[in-house]
Amino acid sequence: MLERISQIVDEAKAAVGAATTSAELEELRIKWLGRKAELPNILRGVKDLDPSERGPAGKAANQARVELEGAIDTKMASFAGAELELRLVEDAVDITLPAHPQQFPGGLHLLTQTMREIEDVFLGLGYGIAEGPEVELVAYNFDALNHAPHHPARSPSDTFYVGDSVLLRTHTSPVQVRTMLVTPPPLYVIAPGRVYRRDDDATHTPQFHQIEGLAVDEGISLADLKGTLLAFAKAIFGDEREIRLRPHFFPFTEPSVEVDVSCFACNEGVSNGERCGLCKGTAWIEILGAGMVDPNVFASVAGEQPAYDPEKVQGFAFGLGIERIAMLKHSVPDLRLLYDNDIRFLEQFA
Amino acid sequence: MKVPLSLLLEFCDPGLSAEEISSVLALSGTEVERVTRLGVEDSSNFVVGVVLTADQHPDADRLKVCSVDVGAPEPATIVCGAPNVDAGQTVAVALPGAVMPGGMTIKKAKLRGVESSGMICAEDELGLGKGHQGILVLPNTAGPAGRPLGEVLPLDETVLELEITPNRPDCLGVYGVARELHAATGAELKPAPWERDLGSGGDLDGIQVSVEDSDQCPIFTARIYEGLSAAVTPPAIAAHLTAAGMRPISPVVDITNYVMLVIGEPLHAFDLDKIEGGLTVRPAVAGETVATLDGEDRTLIEGETIIADVGGPTSIAGVMGGARSEVGWETTRVLLEAATWHGPSINRTSARLGLRSEASGRFEKGLAPVLASRGQAFASQLFEQIYGVTPVAGTVAIGAVGEATTVKLSHHKVNSLMGSQLTAERISAPLERLGFTVALDGDEFSVGVPLDRLDVTRDVDVIEEIARIDGLEKLEATIPTSGAGGGRLTRDQRIRRQVQDALVSAGCFEAAGWSFCAPGLSDRLRLAADDPRRNAITLVNPMSSEESILRTTLLGSLLDSAARNAARGASAIRLFETGPVYLPSEDGLSDEPQRFGAVLCGPATQPDWRNASPDDVDVHGAIGVIGGVLDSLHCQWKIVPATEPEPFLHPGRSGVIEIAGRPAGWVGDLHPLVSAEWGLDGGVAFEVDLDAVISASPEVLHYWAVSAHPMVGQDLAVVVDAGVSAAELIEIAEEVGSPELESVVVFDIYRGEQLGENAVSVGLRFVFRADDRTLTEEEASAVRQRILDALQDRKGAQSRG
């Protein structure tokens with residue numbers, strides 16, 4: 001009996017080893033372990049054996065069954081994996097077809113992206129963001145900013161008026177005044193927004209965007225202005241950039257400077273052996289105007305905010321055009337493209 | 001201002017190239033807009049010629065055969081095509097061998113059978129400008145024939161075009177620029193040209209002058225020159241004037257222009273014999289007229305400053321002289337005026353008359369009174385040089401030069417404002433080079449301001465002078481460390497960014513629209529006569545009537561942008577904008593509420609290989625975009641039918657956006673007439689008040705417990721009257737289904753014949769769940785039945801099973 005069991009195991013294992021499909025294995029399972037197979041019969045007959053034989057025979061037959069089931073299951077599992085793989089290969093699709101459903105592309109306007117990029121630089125430097133109305137008082141747009149009563153910028157040929165004392169702000173600078181009136185120093189703030197001037201030609205639109213910056217604190221200096229704008233220029237135009245300050249004139253700053261950034265399209269004004277078109281061969285590109293806040297500006301708010309006593313506080317201010325920065329950085333050749341809203345333009349920056 | 005480099009170098013020559021000088025000037029505050037080379041590479045073979053005869057070419061209508069004296073024994077025959085060539089003219093001649101600016105060498109050549117030995121030149125052919133209306137005709141005094149042309153024209157000159165900032169009228173003369181160059185480089189500055197005065201002070205016989213309003217005319221000076229006879233402007237002066245863009249005219253006029261070019265003070269010369277009686281500087285009476293030097297009759301308005309004699313106005317002060325007292329070749333007695341004027345008034349008058357001149361451009365900046373006496377002094381040297389006369393004794397001088405001012409400056413303040421550690425020496429050196437006087441007492445400087453530096457009145461003005469001349473490149477670059485600004489967005493600013501980002505995520509492009517719009521927009525949008533959006537802020541001085549009011553809705557420019565894209569063939573147009581609208585407020589300013597809005601046209605989903613022709617976007621597509629935005633900010637919102645539909649929307653396919661229970665915007669299919677007006681095919685739009693979103697968005701999101709027990713899902717289809725909205729059914733279900741009902745959505749809408757004409761089947765999908773136990777199917781069915789009963793009761797709904 002024990003011999004027969006061992007014989008069955010050997011034969012069955014050989015057959016399992018030789019099987020090549022899961023169907024064959026199923027047949028072997030029926031043949032060797034099915035209801036009519038010999039081994040189960042032996043197991044069923046154990047109870048009729050002599051008590052002395054019952055133990056060894058039952059144990060061996062049971063072991064044999066477990067061994068055979070194991071061998072078949074193992075082999076079956078290996079077939080199932082391989083056959084699944086085969087089915088999956090047959091179930092292939094063309095994965096080069098586009099996505100479905102396709103999302104509509106979308107994007108922020110280049111002006112918004114540029115504005116956010118600049119805002120984020122100054123947020124990182126610890127500035128807050130202030131806002132003010134676009135329909136503004138002459139008093140804040142010009143008077144408080146030290147524009148002489150006859151300053152040409154006040155002329156109706158340059159500035160849009162809504163009434164005698166109300167205009168469309170010509171710069172974001174009145175936000176300086178509004179912010180100082182409600183916030184004592186120290187003050188670190190930028191003011192982005194839409195501004196208006198009566199210009200309409202190849203390089204001017206009657207509406208454009210600026211960002212104003214204002215820092216008022218103990219001992220704020222021209223050197224601080226230089227360092228701050230250097231950090232700004234590097235953040236926007238690249239870490240290799242340098243800046244230079246050129247003396248200039250603005251009514252609301254003294255000293256006043258214009259700020260150039262080293263050209264990022266050429267080497268010392270030469271690009272591919274030619275004069276650089278971007279910086280006109282000068283190696284520098286003008287990006288903004290700035291200066292130390294004129295004491296008269298502080299004086300204009302000191303009545304309501306005595307902490308801005310021009311004898312006691314110092315500060316710097318700067319103003320830059322978003323359109324100009326965006327065009328320079330992204331090689332946009334024509335200002336009009338920014339207001340045309342052609343989707344083919346918009347999606348380039350999405 | 002155009003500065004001939006050779007003239008600048010006469011006063012200060014730092015031994016630098018034009019480019020280096022430009023850079024030095026730019027970095028010390030005088031911007032150089034352009035450096036222009038005038039003339040030719042080699043001026044040999046260019047001579048002054050005199051046209052002896054100019055006859056018609058026998059074989060060419062447009063050519064003339066000229067006999068030109070070029071200083072040689074025999075006149076040269078030159079064929080000339082210029083319409084203005086004529087016998088007797090003094091002209092510029094390029095002889096054979098001359099190399100023109102383009103590189104062409106002039107040779108003897110036959111033109112239509114006539115041999116031509118040179119070329120009579122136009123302005124542009126000599127590299128002197130753009131003029132090509134004919135040949136350049138020189139003053140007869142430019143001769144004699146044969147004189148090297150380079151002696152009378154700037155054939156070898158470099159011109160710096162400077163942008164002088166409005167605070168620096170002292171640099172509107174070449175000598176002022178030379179002083180800047182001296183200060184910035186340390187190169188020697190030649191003595192000022194006004195230092196030698198050949199005239200004298202005291203009363204001047206022969207003219208009476210009165211000034212009625214000294215505010216308009218801070219200083220008025222005059223001198224008389226007599227016994228003038230024929231004279232010639234020195235060629236070097238003529239060449240410098242030409243290079244600076246001023247045409248030499250006559251010696252007297254050239255003197256006035258040259259003084260202006262060198263020291264920045266415009267002068268005016270009267271023919272003294274043409275003045276009747278004395279001169280009065282006074283405000284014009286409305287309607288007075290004056291014939292100006294340019295041959296025009298000008299009518300003055302009340303208060304414009306004029307200079308008049310007994311015959312009426314003789315010139316418009318500071319703007320242009322009058323023809324009646326103009327100097328000419330016959331003039332033997334000149335009254336030379338040097339005055340300064342109230343800048344803004346000059347600006348106003350010249351702008352009104354459209355008369356911009358070198359003189360008015362300077363006077364409008366507000367020149368220092370001291371320039372008048374300097375102008376007289378320098379002119380006296382030129383009269384002596386050219387005419388050999390000195391001024392008649394005495395000078396009219398009405399008004400005061402003003403006192404020199406002193407500014408106190410603390411050493412500490414200089415370094416504090418600049419962020420520097422300048423020594424006293426480094427502070428005083430730049431100032432002294434600029435002509436300031438400096439005295440130091442302890443920590444305090446006393447700085448004496450030159451009389452022509454009216455812009456310097458305060459310590460910060462002086463510090464600017466120090467900073468720019470010492471050199472801004474020497475400043476350290478430091479960063480303030482306080483960070484007192486907070487370094488963060490406000491909640492409003494953050495939410496505005498989130499709204500923009502959500503619209504982008506919904507597949508929309510942000511557009512940059514215009515704040516301006518046309519008054520006709522309201523009609524195009526079909527707004528009712530009493531629609532508050534017709535009440536817009538109106539500009540007093542718009543660029544055009546199409547841009548004369550400020551927008552009260554974002555829709556106009558969004559439609560414009562959509563229309564442009566549609567016209568260019570775009571199929572899917574999804575544009576949004578965020579920004580203010582401008583609503584008149586009682587204080588005369590505006591309310592500027594922030595809005596966001598969009599216009600969507602074209603397919604609702606991207607056409608692709610699974611669905612090549614998706615349906616066009618409709619109001620529900622727009623609601624999806626809005627919902628994406630509002631859900632991302634956790635706002636409570638719903639769309640409700642409008643009691644009064646927006647006139648620019650489809651009345652049956654539009655609604656009101658309610659946020660936190662309040663109307664906050666509109667959404668809908670565009671009205672077909674509006675779509676057609678903009679040439680769009682359908683389209684949907686919405687506009688939402690951003691403030692409503694900001695106030696409805698929770699500041700902080702708080703956790704709520706999620707149930708650990710399984711859900712039971714059940715569906716219900718009911719047939720209701722078509723007038724019953726899905727929102728009403730959902731509202732009832734939510735009310736009645738509580739607390740077991742977790743969510744309900746509409747999963748099917750069906751209309752069909754078997755339902756009857758006015759009925760609709762609405763499929764609702766419920767999720768039921770309990771917080772504290774596993775809900776059984778039976779319990780769930782009971783809740784579903786409860787809901788059905790309520791729907792039947794309140795809306796007459798019938799179950800479809």
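Every chain is numbered independently, its residues counted from 1 as its sequence is written. Numbering of ligands from 1 and lettering of chains from A proceed in the order in which they are written. Given that the model is predicted, a residue must reach a pLDDT of at least 70 before its local features are reported, and side-chain atom pairs must reach 80 or more before they are shown or counted; all residues, however, enter totals for whole chains, interfaces and linings. Only hydrogens and water are set aside when side-chain values are computed; all heavy atoms of the structure are taken into account.

Once that is clear, we can look at the overall build of chain A. Secondary structure elements are defined from DSSP: runs of H or I of at least 4 residues count as helices, runs of E of at least 2 residues count as strands, and each element is numbered from the N terminus. What chain A contains, in helices and strands, is twelve helices and eleven strands. Its C-alpha atoms give chain A a radius of gyration of 42 Å, clearly above 20 Å, the size a compact globule of 350 residues would have. Along the first, second and third principal axes, the C-alpha set of chain A runs to 130 × 50 × 45 Å. For chain A, the share of sequence-separated contacts (at least 6 apart) that also reach a separation of at least 24 residues comes to 67%. Computed with a 1.4 Å probe, the accessible areas rest on the Shrake-Rupley method; for each residue, only the protein chains presented here act as cover. Surface summary for chain A: the accessible area is close to 15800 Å², and the carbon and sulfur share equals 53%. When charges are counted, Lys and Arg are positive and Asp and Glu negative, with His and the chain ends excluded. Throughout, a charge is located at the NZ atom of Lys, the CZ atom of Arg, the CG atom of Asp or the CD atom of Glu. Separation between the mean location of the 32 positive side-chain charges and that of the 52 negative ones in chain A comes to 8 Å. For the radius of gyration, the atom set is restricted to C-alpha positions; the globular benchmark scales as 2.2 Å times the number of residues to the power 0.38. Two residues qualify as a contact provided that any one of their heavy atoms is within 4.5 Å of a heavy atom in the partner residue.

Another point: the overall build of chain B. Counting secondary structure elements, chain B contains 19 helices and 40 strands. What you see for chain B is a C-alpha radius of gyration of 41 Å, clearly larger than the 28 Å of a compact globule of 801 residues, by over 25%. Overall size of chain B, expressed as C-alpha extent along the three principal axes, is 125 × 85 × 55 Å. Relative to its 801 residues, chain B shows a buried fraction of 53%. A fraction of 68% describes how many contacts in chain B between residues 6 or more apart in sequence connect residues 24 or more apart. Counting every atom, chain B has about 35100 Å² of accessible surface; 49% of that belongs to carbon and sulfur. Each residue is placed in one exposure class: buried if its accessible area under a 1.4 Å probe, protein chains only, is under 20% of its type's maximum, exposed if it is over 50%, and partly exposed if it falls in between.

Here the focus is the domain arrangement of chain A. An automatic or database domain assignment supplies the residue ranges for each domain. Domain assignment breaks chain A into domain 1 (2–90) and domain 2 (110–349). Inter-centroid distance (C-alpha atoms) of domain 1 of chain A to domain 2 of chain A is 87 Å.

Let us now look at the interface of chain A and chain B. How big an interface is tends to be stated in terms of accessible area lost as the parts join. Counting residues at the interface gives 90 residues for chain A, matched by 90 residues for chain B. Regarding the contact of chain A and chain B, the summed buried area is about 7400 Å², with carbon and sulfur atoms giving 57% of it. Buried area adds together the accessible area that both of two parts lose upon being put together, with accessible area traced by a 1.4 Å probe. The largest contributions to the chain A side of the interface with chain B come from A:Phe104, A:Pro247 and A:Ile343, which together make up 10% of the buried area. Should a side-chain nitrogen of Lys or Arg be within 4 Å of a carboxyl oxygen of Asp or Glu, the pair is scored as a salt bridge. Connecting chain A to chain B are ten salt bridges. A class-by-class count of the residues in the side of chain A that touches chain B yields 44 nonpolar, 23 polar and 23 charged. Any residue that is not Ala, Val, Leu, Ile, Met, Phe, Trp, Tyr, Cys, Pro, Asp, Glu, Lys or Arg is counted as polar, Gly included; the first ten are nonpolar and the last four charged.

On to a negative patch on the surface. Residues and elements named next belong to chain B. Like-charged residues within 9 Å of one another, or nonpolar side chains (Val, Leu, Ile, Met, Phe, Trp, Tyr) within 5 Å, are grouped into patches, provided each residue has over 30% relative accessible area and no salt bridge. Negative charge collects at one region of the surface, where Asp615, Asp616, Asp618 and Asp681 lie side by side. Position of Asp681 relative to the elements: it lies in the loop between α16 (672–677) and β36 (684–689). What makes Asp681 exposed here is its relative accessible area of 64%.

Moving on: helix α5 (residues 251–263) of chain B. Working note: α-helix, 3.6 residues per turn, so residues spaced by three or four point in the same direction. Residues and elements named next belong to chain B. Any helix carries an expected span of 1.5 Å times its number of residues minus one. Over its 13 residues, α5 runs 18 Å from end to end, which matches the ideal 18 Å to within 8%, given 1.5 Å per residue. The element α5 is largely enclosed, with a buried count of twelve among its 13 residues. Among all positions of α5, only Pro251, Val252, Asp254, Ile255, Thr256, Asn257, Tyr258, Val259, Met260, Leu261, Val262 and Ile263 are buried. Immediately downstream of α5, the backbone of Gly264 shows phi near 85°, a positive value.

Residue and element names in this part refer to chain B. Going through the model one piece at a time under the given rule, you end up with 71 salt bridges over all chains. In this structure, Arg324 and Glu276 form a salt bridge, with 3.4 Å as the shortest nitrogen-oxygen distance. One end of the pair, Arg324, is in the loop between β20 (320–321) and β21 (334–340); the other, Glu276, is in the loop between β14 (267–271) and β15 (279–283), and 48 residues separate them in sequence. Take Glu276: its relative accessible area is 41%, and that puts it in the partly exposed class. Several salt bridges share partner residues, and in doing so they unite Arg168, Asp170, Arg179, Glu180, Arg374, Asp452, Arg453, Asp455, Glu465 and Arg468 into one network.

Residues and elements named next belong to chain B. As far as domains go, chain B holds domain 1 (1–36 + 157–168), domain 2 (44–153), domain 3 (206–396), domain 4 (404–469), domain 5 (489–694) and domain 6 (710–797). The straight-line distance from the C-alpha centre of domain 1 to that of domain 4 is 24 Å. Contacts between the two partners involve four residues from domain 1, matched on the other side by six residues from domain 4. Area buried by domain 1 at its contact with domain 4 is led by Ser28, Asn167 and Arg168, which between them contribute 92% of it.

Take A:Asp294: it is sitting in the loop between β10 (284–293) and α9 (295–302). Taking the relative accessible area as the measure of exposure, A:Asp294 reaches 2% and is therefore buried. Nitrogen and oxygen atoms within 3.5 Å of one another constitute a polar contact, given that in protein one can donate a hydrogen and the other can accept it, and given that sequence-neighbouring residues count only through two side-chain atoms. Among the polar contacts listed, one links the side chain of A:Asp294 to the side chain of B:Arg458, at a separation of 2.6 Å. Discounting chain neighbours no more than four positions away, the residues touching A:Asp294 are A:Asn146, A:Pro251, A:Phe252, A:Thr253, A:Glu254 and B:Arg458.

Moving on, we get to a nonpolar patch on the surface. Judged by side-chain polarity, B:Tyr703, B:Trp704 and B:Val706 come together as a nonpolar surface patch covering roughly 470 Å² of accessible area. Mapped onto the secondary structure, B:Trp704 falls in the loop between α17 (690–696) and β37 (712–721).

Pairing of aromatic rings covers Phe, Tyr and Trp, the last counted by its six-membered ring, and requires centre-to-centre distances within 6.5 Å; plane angles under 30 degrees mean stacked, over 60 mean edge-to-face, and any other angle means tilted. If you walk through the whole model with that rule in mind, you get 21 aromatic pairs over all chains. Their ring planes at 50° and their centres at 5.2 Å tell us that A:Phe160 and B:Phe516 sit as a pair that is tilted. With A:Phe160 in the loop between α6 (138–141) and β3 (166–168) and B:Phe516 in strand β27 (residues 516–517), this pair bridges two chains. Considered together, A:Phe160 and B:Phe516 belong to a single accessibility category, that of buried residues. A centroid spacing of 6.1 Å and a plane angle of 15° characterise the contact between A:Phe298 and A:Tyr308, whose relative ring orientation is stacked. You can see A:Phe298 sitting in helix α9 and its partner A:Tyr308 sitting in the loop between α9 and β11 (314–321), a full ten residues away along the chain. Each member of the pair A:Phe298 and A:Tyr308 is classed as buried. An aromatic cluster of at least three residues, connected via ring pairs, comprises A:Phe122, A:Tyr127, A:Tyr188, A:Phe232, A:Phe316 and A:Phe318. Only lysine NZ and arginine CZ atoms are considered, and such an atom sits over a ring when it is within 6 Å of the ring centre and within 35 degrees of the ring normal. The ring of B:Trp678 carries the charged tip of B:Arg524 above its face, separated from the ring centre by 4.0 Å. Sitting over the ring of A:Phe104, B:Arg574 keeps its end group 4.1 Å from the ring centre.

Here we take up the side chain of A:Thr159. Counting through the fold element by element, A:Thr159 comes out in the loop between α6 and β3. Its relative accessible area of 1% is what places A:Thr159 among the buried residues. When sequence neighbours within four positions are dropped, the list of residues in contact with A:Thr159 reads A:Phe142, A:Ala153, A:Arg154, A:Leu167, A:Leu168, A:Thr170, A:Arg198 and B:Asn541.

Time to look at the environment of B:Lys408. All names here are of chain B. By secondary structure assignment, the location of Lys408 is in strand β23 (residues 406–410). Separated by 36 residues in sequence, Lys408 and Glu444 place their C-alpha atoms 6.6 Å apart. Aside from chain neighbours lying at most four places away, what touches Lys408 is Glu444, Phe445, Ser446 and Asp459. Among the polar contacts listed, one links the side chain of Lys408 to the side chain of Ser446, at a separation of 2.9 Å.

Right, let's talk about the packing of helix α1 (residues 2–18) of chain A against helix α2 (residues 22–33) of chain A for a bit. All names here are of chain A. Contact geometry of α1 with α2 gives a least axis separation of 9 Å together with a crossing angle of 170°. It follows from the interaxial angle that α1 and α2 lie roughly antiparallel. Between α1 and α2, the residues in contact are Ile8, Glu11, Ala12, Ala15, Val16 and Ala18 and Glu24, Leu25, Leu28 and Trp32, respectively. For the contact of α1 with α2, the class distribution of residues is eight nonpolar, no polar and two charged. Here the axes come from fitting lines to C-alpha atoms, over the contacting stretch only for helices, and the angles between their N-to-C directions go from 0 to 180 degrees. Here roughly perpendicular refers to angles of 65 to 115 degrees, roughly parallel to angles under 35, roughly antiparallel to angles over 145, and oblique to all remaining angles.

If you want to describe how two helices pack, look at the angle between their axes and the distance between the axes. Residue and element names in this part refer to chain B. Between α5 and helix α8 (residues 370–387), the least distance of the axes is 9 Å, while the angle of their chain directions is 135°. In terms of their interaxial angle, α5 and α8 are classed as oblique. Pair α5 / α8 crosses with right-handed handedness. For the pair formed by α5 and α8, the contact residues are Pro251, Val252, Ile255, Tyr258, Val259, Val262 and Ile263 on the first element and Leu371, Arg374, Gly375, Phe378, Ala379, Leu382, Phe383, Ile386 and Tyr387 on the second. Across the contact of α5 with α8, the residue classes tally to 14 nonpolar, one polar and one charged. Each crossing gets its hand from how the near helix is turned against the far one by less than a right angle, where anticlockwise is left-handed and clockwise is right-handed.

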